[in-house]
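Fold and contact review
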Amino acid sequence: MAAADSRKGQRTLITPEGVPLDISLADRGSRFAALLIDLVVLGLLVTTVWALAFLGLWFLHNTFDIGGNFALGLTVSIGIIGSFLIRSFYFCWFEIRWRGSTPGKRMLGIRVADRHGGRLTAEAVIARNIMREIELFLPVTFLLSRPGDEVEAWQNLLTTVWIGIFVFMPFFNRDRLRVGDLVAGTWVINLPRPRLLQDMGAATSARAAPAKRTRFQQSLPDFTFTPAQLSIYGVYELQTLETVLRATGKAADATRQDVARRIARKIDYTEPLRNVACQPFLEAFYLAQRNRLEADLLMGKRKERKAAEDGPSEPS
Amino acid sequence: MGQTVKRASAELKSSAFRKEREHLWLELDGLVTRIEKKGLRKLTAEETLKLPMLYRQTLSSLSVARATSLDAAVLSYLEVLSTRAYLAIYGVNTGFVASLWHLLWHSLPTAMRQGAAHVSVAGAIFALGALVSYALVVGNPDWFYSFVSPEMAGGRAPTTSDTDLRAVIYDNAELQIGNLQFFTSFLFSHNAGIALLAFALGFAFGIPTMLLLFYNGCTVGAFMALYASRGMAVDLGGWLTIHGTTEILAILICGGGGLMLGQAAAFPGRLSRLDNLAAAGRTAARMLVVAIIMLFVAAILEGFGRQLIQDMSARYGIGLIMLTLWMVWFLTGGRRGRR
């Protein structure tokens, strides 16, 4: 079962192996954009079919002198059947072959997945795309039709309201499901693709190993911290420090100096910090702090953040 | 100051953990990236065998890392890698044609059998409407105008002459290939519109669906009464049967699907209303697919059959054959070899 989460668009999905995974729902904007891209591709495909059909007609006419109504009728029916098939099966075909994505979804980095953490079945894909007929194509043709008389105009109004509920369904529920998703038991999620970043702990401990220290590093004091100094911050601060250490860019060094001085003040680190010593100080502190917190984790203690005496401000 | 913490030049436990397993994650990452780009089938046999193993190892790494590691990079990477691997492994694993075949021969007939009761109720309402209006129009032909709108009647009314009424049934219009427009018109045709509306309005507790079915039953009943009064009931029957067995059945199926949705919305039972609606919707949507296929076939029958085949018994024959074929599909499809 998927559970709701307080963070917006964040849900937990439990895999068949029983491991909960955090996933983020695709937002409505990117889904709409994906739909538009797909419709453009669909339009291009249909145009190609018609162009090919008429090219064939032209070829037959010129080579075999087949012309008249029969050939034209054949061409038109090939075009109509072709576009009907493309329209009906475009989404199904791609979502089955491309594991839950269409060209538009792929460009936007979103995917269809089973809402309950199971396998996405072809049946669910077909079901959610058949409902598209009612959600998308029917309203469009309906809007293009003109009412014949007053009764029909009223009927049209009612149907418009009704169809409106259908079309705007993603706005009426927390999981941003459209009717097709509701029926098929699916939802659309973001598919992020981050790189595996270097382990900050491994990198800094390698740099701090005595054999590999440069002369500059040897000139620095040996940063050591007492258990009391390491018992102030929690996991949240540690991981924020990790991002500060990873940061690159113009302001990054200034930020690190600022952060280092604040930490020093907070933990009563009395020795003065030179500007060049700030980065090694932070690295040493990160390493010691992480070592300490992970040791606590093994003992079953998890300190989420620092004590709230001075508000939920950043550790910086 | 008590004793100072020993300088952590020795590796962190979590770093050692990561170093030990990192190559597995990266291997899985490579496989998943290839699956995302080219598909599961492009993997070699060994890679396919290795995939679930790597996936489970990564999941277990994730669980361990959550409990013991504070390396934010590893945590977020494993989280996403596991999600991607999950999506790649638990994605659609059947081919397109096989999926369609399974839908046509297993799921659709099964859904039809599940919805048989609702379709029967829809049929009963429709028949009731037909009977009521038949009785009323036979008693007083003026009732005809209440049941049939002028454009629907298409010049057929109690005042029309016998020859004109007959001409509608046996219109010997030249068949033109241009009539292929039925492909486009099938979705916009009057009856298809009724069918889809009967389905879609089901959410409103099924009441509009019932009214719609009753009213359309009335229309058919009124026509029957009109033609019966001129002794042409059998001819009208043939005209209706050739595509009506398909088309009216499709309307009834849509109506049945609508009633199923209505029931789910009105009497949710143990589930929440939305969940129950979704559960019923799965069956109802399949019934809708059946109905759309039938409407498509009906449009072909109406476009060609009704004009090409002027013989009454042949019309009855084709209509009944179609009915038999549909029934064979619904009743035997997917009973064996269930997956």
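Quick notes on the rules
Residues numbered from 1 in each chain as written. Chains lettered and ligands numbered in written order. Predicted model: local features only at pLDDT ≥ 70, side-chain atom pairs only at ≥ 80, totals over all residues. Helix = DSSP H or I, 4+ residues; strand = E, 2+ residues; numbered from the N terminus. Buried ≥ 20, exposed ≤ 12 C-beta atoms within 10 Å, placed from the backbone. Contact = placed C-beta atoms within 7 Å. Core = buried A, V, L, I, M, F, W, Y, C linked by C-beta atoms within 7 Å. pLDDT = per-residue confidence, 0-100. Expected span 1.5 Å × (residues − 1). Bend = angle between axes of the 7 residues up to and from the residue. Pairing = 2+ DSSP bridges. Axes fitted to C-alpha atoms, helices over the stretch in contact; angles between N-to-C directions. Parallel < 35°, antiparallel > 145°, perpendicular 65-115°, else oblique. Left-handed = near helix turned anticlockwise from the far one by under 90°. Nonpolar A, V, L, I, M, F, W, Y, C, P; charged D, E, K, R; others polar.

**Describing the overall build of chain B**
Of the regular secondary structure elements, chain B holds 14 helices and 0 strands. Out of the 339 residues in chain B, the part that is buried amounts to 43%. Within chain B, residue pairs in contact and separated by at least 24 positions form 79% of the contacts whose partners lie at least 6 positions apart.

**Details of the environment of B:N276**
Residues and elements named next belong to chain B. Inspection of the secondary structure puts N276 in helix α13 (residues 273–308). With 19 C-beta atoms packed within 10 Å, N276 lands in the partly exposed category. Distance in space between the C-alpha atoms of N276 and A265 is 7.2 Å, their sequence separation being 11 residues.

**Here's the deal with the interface of chain B and chain A**
Counting from both sides, the interface comprises 59 residues of chain B and, opposite them, 70 residues of chain A. Every element with two or more residues in the side of chain B that touches chain A is listed here: α1 (13–38), α2 (45–68), α3 (72–89), α4 (96–114), α9 (182–188), α10 (190–200) and α13 of chain B. Per element, the largest residue contribution to the side of chain B that touches chain A is 13 residues, and it comes from α3(B).

**As for the nonpolar core**
Counting residues in hydrophobic clusters, the biggest one holds 126 residues, and the most contacted among them are B:A195, B:A198, B:A250, B:C254 and B:A291. It is α13(B) that contributes the most residues to this core, 16 residues altogether. Not counting residues within four places of it along the chain, the set of residues in contact with B:A195 comprises B:A250, B:I251, B:C254, B:A291 and B:L295. Within the second largest apolar cluster, 19 residues are counted, among which are A:V259, A:L282, A:L293 and B:L70.

**Looking at the confidence of the model for chain A**
Residues and elements named next belong to chain A. Summary statistics for chain A give a mean pLDDT of 79 and a share of 82% for residues scoring 70 or more. By mean pLDDT, strand β1 (residues 3–4) is the weakest element of chain A at 46, and helix α3 (residues 103–108) is the strongest at 92. A low-confidence stretch, residues 311–316 (pLDDT under 50), is modelled with 11 contacts involving residues beyond four sequence positions or located in other chains.

**Observations concerning helix α12 (residues 233–266) of chain B**
Residue and element names in this part refer to chain B. Along its 34 residues, α12 runs just 40 Å from first to last C-alpha, ending more than 12% under the 50 Å computed at 1.5 Å per residue. By the largest-angle criterion, G244 marks the main kink of α12, which is about 65°. Of all the 34 residues making up α12, 28 are buried; the element is thus mostly covered by neighbouring parts of the structure.

**Some words on unusual backbone geometry**
All names here are of chain A. Positioned with a positive phi, R99 is a non-glycine residue whose angle comes to about 50°. In this fold, R99 is placed in the loop between α2 (68–97) and α3. Assessed through the 23 C-beta atoms surrounding it within 10 Å, R99 is described here as buried. Positioned with a positive phi, R176 is a non-glycine residue whose angle comes to about 55°. By the secondary structure assignment, R176 is in the loop between α5 (150–167) and α6 (179–184).

**Let's talk about the pairing of strand β2 (residues 10–14) of chain A**
Residue and element names in this part refer to chain A. In the sheet, β2 pairs with strand β3 (residues 20–24) via 5 bridges, with the strands oriented antiparallel. Residue pairing for β3: R11 is matched across the bridge by I23. Counting the residues that bridge the hairpin from β2 to β3 gives 5 residues, and of these G18 lies at a positive phi of roughly 90°.

**Brief notes about the packing of α12(B) against helix α14 (residues 312–332) of chain B**
All names here are of chain B. The interhelical angle for the contact between α12 and α14, taken along N-to-C directions, is 20°, at an axis separation of 8 Å. Classified by the angle their axes make, α12 and α14 are roughly parallel. As α12 packs across α14, the resulting crossing turns out to be left-handed. Every residue of α14 that contacts α12 at D235, G238, W239, T241, I242, G244, T245, T246 and L249 is listed here: M312, R315, Y316, I318, G319, L320, M322, L323 and W326.

**Examining the pairing of strand β5 (residues 186–190) of chain A**
Residues and elements named next belong to chain A. Of all 5 residues in β5, 4 are buried, a share of seventy percent or more. In the sheet, strand β4 (residues 110–114) pairs with β5 via 5 bridges, with the strands oriented antiparallel. The residue bridging R111 from the neighbouring strand is I189, located in β5.

**Brief notes about the packing of helix α5 (residues 116–139) of chain B against helix α11 (residues 207–229) of chain B**
Residue and element names in this part refer to chain B. Contact pair α5 / α11: the axes reach a minimum separation of 6 Å and the direction vectors enclose 40°. By the criterion of interaxial angle, the relationship of α5 to α11 is oblique. With respect to the hand of their crossing, α5 and α11 are arranged in right-handed fashion. Class assignment of the residues belonging to the contact of α5 with α11 gives a composition of 21 nonpolar, 6 polar and no charged.

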